[in-house]
Amino acid sequence: MISKKVLLNRIFVGIGIGAVMVGMVLLAAFDNPHTWMRALDSAIIYVLILLAVVEMRRALGRERIPDSFSWIIWTYGFILGPAYTLFGYTGIIFFSLLVFAASAVTALYINRADSLMYIAFMLVYPGMFMASMLYINKCASTQIISENSPVYPYLIRDVWAYLGNKRVASLLPYNAIGLAFVFAVSSFTDTFAFIFGISFGKHPLCPEISPKKTVEGAIGGVFGGLFGSFLVYMLFDFFQVFGPSRGLAIHGLSDVNLILAYVLIGIFGSVMTQIGDLLASLVKRHCGVKDYSRVLGEHGGIMDRFDGIILNATFVAVVYMFII
């Protein structure tokens, strides 16, 4: 039986987390022509990345990653976000290679090849996965867009371009809907999976990894992802609450393809969210910890709350990069 104090903590912290997510979407939706609000969203993601890296290091423990590597991990956590903002994923790749090289030297010095493998894991999870949220928030154009394209009139300049960074392309107005996809699909996936699991769950999904998850809950989670995607569609493309430039329809998709895009993002985003949840449970079971941290009280740590979100964010980032 959950105590009243624990229940209230979960409710209020949950409301706070939801408010931050909604706030980030609104910042992206109402950013000014110089994209300062977009930059504020990036700053929030910087903090999430730093906390996630620290939590993963804590979960892995000093027996796997000795204190000799601590300065490398802190450097990685602090600089990963700015490295992306200034240089994009290219900057992250080369920065991560540099971090790995420094870790290799340290591993050679203290004769800990096993620690080097754990560092390499951290560079990808949570590092590069969480950086997908920065890509979505920045959403720079990855292709040459014709002046005749329906998207062209809505291109905006990145704030960093005004500081002389010539590497930055013009930005598409898709950051708000991208963050909405990530947060709405993942949140409703978790909610529906819980409700369906409690109400109908009989068949274990992955009992050795997460005993409480059921096949029925996973199916309910997919319906939740579709519902989250439906809400995003209603806000951004049906009612156009944030203006005509913020939805996917501005890309020139037909009605059928537009609906298909929302359905596929809802389904696959939900699947990625649930895979992320299972991956986090697998890592925690391997490390022998219940939560990554207690920074969010009864909700655990940043990685406990964003485990599914970051894989969904990676999926949305891939859609943006290669399809949209």
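Our structure is the block above this text.
In this report, the structure presented in the accompanying data block is examined. All of these numbers come straight from a predicted model, not from anything done at the bench. (Residues numbered from 1 in each chain as written. Predicted model: local features only at pLDDT ≥ 70, side-chain atom pairs only at ≥ 80, totals over all residues. Heavy atoms only, no water.)

1. Focus: helix α3 (residues 70-110)
Phase 1 of the analysis: The end-to-end C-alpha separation of α3 is 13 Å, well short of the 60 Å expected for 41 residues at 1.5 Å each.
Phase 2 of the analysis: At Phe87, α3 shows its largest kink, close to 135 degrees.
Phase 3 of the analysis: Residue Asn111 follows α3 closely and has a positive phi angle near 60 degrees. (Helix = DSSP H or I, 4+ residues; strand = E, 2+ residues; numbered from the N terminus. Expected span 1.5 Å × (residues − 1). Bend = angle between axes of the 7 residues up to and from the residue.)

2. Regarding the packing of aromatic side chains
Phase 1 of the analysis: Under the definition given, this model contains 19 aromatic pairs.
Phase 2 of the analysis: Taking 6.2 Å as the distance between ring centres and 50 degrees as the angle between the ring planes, the aromatic pair formed by Tyr233 and Phe238 counts as tilted.
Phase 3 of the analysis: Residue classification places Tyr233 among the buried positions, given a relative accessible area of 18%.
Phase 4 of the analysis: Consider the rings of Phe268 and Phe315, whose centres lie 6.2 Å apart with planes at 35 degrees: the pair is tilted. Of the two residues, Phe268 sits in helix α7 (residues 255-287) while Phe315 sits in helix α8 (residues 302-322), which places them 47 residues apart along the sequence.
Phase 5 of the analysis: Phe315 sits in the buried class, given a relative accessible area of 17%.
Phase 6 of the analysis: Chaining the aromatic ring pairs together yields one cluster made of Phe188, Phe192, Phe196, Phe200, Phe223 and Phe227.
Phase 7 of the analysis: Cation over ring: Lys138 sits above Tyr84, and NZ or CZ is 5.5 Å from the ring centre. (Phe/Tyr/Trp six-rings, centres within 6.5 Å; stacked < 30°, edge-to-face > 60°. Buried < 20%, exposed > 50% of the residue type's maximum accessible area, 1.4 Å probe, protein only. Lys NZ or Arg CZ within 6 Å of the ring centre and 35° of its normal.)

3. Comments concerning the environment of Ala29
Phase 1 of the analysis: Considering the arrangement of structural elements, one finds Ala29 in helix α1 (residues 4-29).
Phase 2 of the analysis: Classification of Ala29 as buried rests on a relative accessible area of 5%.
Phase 3 of the analysis: On a C-alpha basis, the gap between Ala29 and Phe236 in space is 9.8 Å, while along the polypeptide they are 207 residues apart.

4. Notes on the side chain of Arg64
Phase 1 of the analysis: The residue Arg64 is located in the loop between α2 (36-60) and α3 in this model.
Phase 2 of the analysis: Here Glu63 takes part through its side chain, which lies 3.3 Å from a polar atom of the side chain of Arg64.
Phase 3 of the analysis: Once residues within four sequence positions are removed from consideration, Arg64 is found in contact with Ala59, Arg112, Ser115, Tyr118, His286 and Cys287. (Polar contact = N/O pair within 3.5 Å; in protein donor to acceptor, adjacent residues only side chain to side chain. Contact = heavy atoms within 4.5 Å.)

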